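Observations on the three-dimensional arrangement
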Amino acid sequence: MKKERSHRILVALICLWFGSHVQAQNAHSLAFNDLSPQHLEMQIASQPQFGFLALPALGNMSISLSNTAFHPATWLTQSDNASLATLELDELFAAWENPNRLAMDIQADLIQFGKFFKNKRSFVHGGIREVLHASIDLPSDLLRLLFTGNANFDLLDQDALDFSNLGINVEHRRTFYLGWQRNWNQKWSSGLRLNYLRGIRKGELSMSELNWHTDESTWDWTISGEGMLQTSGMWSLMQLLDSQDIDQNTMQRIRDGLLTGVGSGLAIDLGGEFRPNPKWMLFAQVNDLGGINWKKDTRSFRSQPVSVDFNGLDWNAAGGWTAASAVDSLEYWAMGMAEELSEMANFSENAANFQTRLGAVWSLGSEFTPWPNASWKPSLGAMMRKRRGLPMSWRSSWNQQWGKRMKTALTYGSREGLGPNLGMSIALNFGPLLFTAAADSYRMFNWTEFALDGSRTQPVDSIYWPTNAPSIHIQLGVVLRMGWTSSQRRNFPKSECEPFAVPSSTSSPQF
Amino acid sequence: MKLFSTHSLQRFLNPLCGTLFVVTCMLGCIEQRFELGEDMPISGEANPAFGISLGSGTWTVQQALDQVDSLHWDLDQASGSAMFVRPFELLESPPIELPLINEGLDEVFELDEATAYALSNLPEAEQLSLAYETSWTFELPSMDSVDSLWLDQGILSVFITSDIPMDQSIQLICTNLFAGGTPIVLNVEMEYAGQLPFEGSAVVSTANARGIFPNDDGLEVMCDWDIVLESSGTHVNEGASISIEVQWQDANVSGAFGKFGSQTSVDFNVAQPLPLLEVWDQDQLHFADPRIRLNARNSSGIPIGVQWNEFAFISNLGTWDIGGPDITEFPVIPAANSVGSSAQMVHVVDNSGTSPTLSEALEMRPDSAILRGQLVVNPASESSNFLTNESTLEIDGALEVPLTGWGMGLTWRDTLREKISSELNAAINPPLDWQDVESVALRFIAENGWPLGMDLQVSFIDGDDLTIDSLSENSGAEAFHIAAGQVDHSLGSADLHYGRVMKRTQTIMDIVLTRDQATELLSLDCEGIEIALTLGTPDAQNGSSVRFFPEDEFELKLSARVSCAITLEQ
């Protein structure tokens, strides 16, 4: 049983791995932590403190989970003397009132490096990054369907269930990037990064409109909608998985597909930084400006706006209809309705190339460093980021250097409308290694135990689930710090006063 | 502690940050715990309801009537309404039999003195020709006069005995009997061999012969005799004769043209079962305009009258003779204009020409009808009749009952035997306690274009056919009433729309099976469903008639809704 479950999980993970997509996600708490190389993602015009060479596949790993739909702990109450929790339906409905989204983003840098040039006025970095994305958007009416049905007309708006904006999106891509950061003078610096994109797999279902109207008197249905499904690199994979015949050759083909990809594209990241004085810094940046042209194994299905009425079986047409053959008749009806829907929707199918955009992210931010010459260099940062199609993100940050070895940022903000939360990033230097850890949601620590006590005779089986963490983002990395020498080999001059404070990362990086 | 500097603010912030971090982690790790179980209470209301349209159908009156395939339905041409038709055959035969001719003729040609003397003095081998014209008259039964005849069989023969001692050649020409377009001729050659008398004969077939008879007095065959005598040198005595015997035998007449005499011919006697009428309850069903339609097709050239002996409806209780002008003044079936054509006649016997009326007679619930009488040939003694062996008289009829009238309290019952309780319990495994189901509603939406209201009663019965529960009791008496289509009763019977549905009526009926009823049904020993459908036309109690038209539509739509109530008492 365990083996079978493991197999299922493995298949699911493989599907997810092969099918994920889109937006590279980085912890916002790293925006002002310039000790970490990942700091470059948020401020491409800002120099990190060190050059680096990442350990393969370990230099930068990030996972971001979004869940605005399922937080059971917020739907339940349980008083001290109650043996069972109470499901609060009003809370449940309120939770589902807003757009509901489940998403997962994973990114990992296979190779990553960064090096200073021209007396540290330029910084060049590059790498290869795997990006996976999977998301599903669930309309409120779809989630509430079990509690409203389609025929409780007191609860329905205009007797209709609105499933519009139902969407599923999975994408997997590989990015080969090379960036150049330049300090033009004491005030201005800029950053540019070119990304060559290899699309590995793509699947996207989007329903721009889907309504299920039920007549209040006759209970007839009218289903109207318009949608689109486009895939690349998924069709053959699904066929393989469906065939249940995955042999060595098949696995090799899957692996080959992971290397070659099915699409290509370009994207750029641009940023500029302005320091009017040592205390203030302003920056603006855009990431992921570009897209992918999906060329191989493509399938696109598009429907015209369609409206289908269902009035039940036509007894006159269904000759010989009997209750005994009702199941067959219903199957016949369902097939007929599917055919009718297909005809009316006028589905157009083609295998033409299609393009997708990464979804540009625009950022504005500032940092105030009241004591720029202090060795602990405290600062306050603020940043706003906006990704197309998602609510604006913002984050404020308290940043502090802890000697040469550590820098931290405690942050507070909101990410893509997923509610306010605390975040933190730590960059820690141990000899030649530089560790980075960041998380954007303190709520991920708050978990709830759900004790299942169905029969009261069985042992209690518990499920643990985050209490209310709409967003969980964890980013980790370890790199080799360039220019590091051991303390035994260093020839420190004997100092007679306080050590010289660590300069700012942007003004005078130190090795 | 080079790591932690000594800036005054830093001295304050560092512990604060550390504390915040620790507190954050500690707070984050604090668990909530909820106990979940099957009996978990739910606060708030959620009453999901799922509705679906199961199906719909439209039935015209015509479609409904077609389902009763044991009965024949037609369209009443006069009103356009639907009509029950019970056809029957009354008669199919020649109106009268054609005659068979078996007639004979004897002729004697006797020599007078002068002829005998002349023949005696005729030199040997010299010839003398004699010519005579005779007519052969006889009568054909049932014909007052004959204009012509068609014959399809028969033999015409001539037998001659002569005591004239001469060779003789005798030719008989029937000038008004034709075969192949020419008169029929018989030739007899007789040679005298010294013995007297001596004989000769000839035979000819009259198959496919035609006869034309110009005289009005019976049938007269015109015969021309041509006798050639050749002298043998022997003396011929005065009074010597030639005896001729002509026979026309077995001559089948295939067509006779002339005037047929008035006479009765074929008797007919038809008993038509009427099983439906036997169970007719006149208090529940009234047909306003029944009728009997008689169709006659006459392919002979003879008008045929019908003389009724009995036109009646009978049952075990009695016999109801129908009189009235439609019976007593039954029209003459006309003659066909020409051979090969037919004359048609339709006669309708309806309430307006019968006494008692057909409606009254039918409401006596007869089990059959008796039609008995004779055919009267050429009752008006018309001339120029004809009759061939293909002439027939066909009379059939139909009892026609247009669906015009009223009905009330008509009940149709059926019992569906099924162990419902046990089957339901078996089907619901594990047992469904209907905890979350508040009710199951079946919605019937009827658009009734028929002039017929319907009341449905559904009862659950046990093994002894005793009613143990009734849906109508639970849902109210009026819950399953489908109103009839709207009829304008103010219109007169002559109006085109008299009794017709002018507007369809919509009725919405909900059969609601609540949780309590369902659980009760599961607990009962229900072994069947009894369905009683009671039908009635609008305003039937006042005798208002309606009419059913084949295109009248009845549309029924069935939808279902399951309403759930997942709010539980805590």
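So, here is what we can say about the structure in this document. (Residues numbered from 1 in each chain as written. Chains lettered and ligands numbered in written order. Predicted model: local features only at pLDDT ≥ 70, side-chain atom pairs only at ≥ 80, totals over all residues.)

1. A look at the overall build of chain B
Note the threshold: Secondary structure follows DSSP: runs of H or I at least 4 residues long count as helices, runs of E at least 2 residues long count as strands, and numbering of each begins at the N terminus. Three classes are used. A residue is buried when 20 or more other C-beta atoms lie within 10 Å of its own, exposed when 12 or fewer do, and partly exposed in between, with C-beta atoms placed from the backbone. By the convention adopted here, residues make contact when the C-beta atoms placed from their backbones lie within 7 Å.
When you go through chain B residue by residue, the secondary structure sums to nine helices and 36 strands. Among the 570 residues that make up chain B, the fraction classed as buried is 29%. In chain B, of all internal contacts separated by at least 6 residues, the share reaching a separation of at least 24 is 86%.

2. Considerations on the pairing of strand β3 (residues 49-60) of chain B
Operational definition: Whether two strands pair depends on DSSP finding at least two bridges between them.
By the bridge criterion, two bridges tie strand β15 (residues 313-314) of chain A to β3(B) in an arrangement that is parallel. Looking at the pairing, A:L313 lines up with B:G55 of β3(B). Where β3(B) lies against strand β36 (residues 553-564) of chain B, 11 bridges are found, and the strand directions are antiparallel. If you follow B:T58 over to β36(B), its bridge partner there is B:E555.

3. Regarding the interface of chain B and chain A
In this assembly, 46 residues from chain B lie in contact with 53 residues from chain A. When residues of the side of chain B that touches chain A are traced back to their parent elements, those giving at least two are α1 (8-29), β1 (32-36), β2 (42-43), β3, β27 (437-448) and β36 of chain B. When residues of the side of chain B that touches chain A are assigned to their parent elements, the largest contribution, 10 residues, is made by β3(B). Of the strand pairs in this sheet, strand β24 (residues 447-452) of chain A and β1(B) are connected by five bridges, and their pairing is parallel.

4. Some thoughts on the environment of A:D440
All names here are of chain A. Residue position: D440 is located in the loop between β23 (433-439) and β24. When the C-alpha positions of D440 and Q475 are compared, they lie 8.9 Å apart, and in sequence the two are 35 residues distant. Leaving out residues up to four positions away in the same chain, D440 has contacts with A27, H28, S29, R415, N421, G423, S471 and H473.

5. Observations regarding the sheet that holds strand β3 (residues 76-77) of chain A
Across the sheet, three strands lie side by side as β3(A)-β4(A)-β2(B); this open sheet has mixed pairing. Of all strands in the sheet, those with a lone pairing partner are β3 of chain A together with β2 of chain B, marking the two edges. Pairing analysis gives two bridges linking strand β4 (residues 86-88) of chain A to β2(B), with the strands arranged parallel. Bridging from a neighbouring strand, A:L87 pairs with B:I42 of β2(B).

6. Some thoughts on the sheet that holds strand β5 (residues 82-93) of chain B
Residue and element names in this part refer to chain B. Keep this limit in mind: Whenever a helix is involved, its axis is fitted only over the stretch in contact; in every case the axis is a line through C-alpha atoms, and angles between N-to-C directions fall within 0 to 180 degrees.
The five strands lie next to each other as β4-β5-β24-β18-β21, forming an open sheet whose pairing is antiparallel. In the strand order of this sheet, the two ends are held by β4 (72-75) and β21 (343-350), each with one partner. If you compare each strand with its neighbour and ignore which way they point, the axes differ by 30° on average. Looking at chain direction, β4 and β5 are connected through four bridges and run antiparallel.

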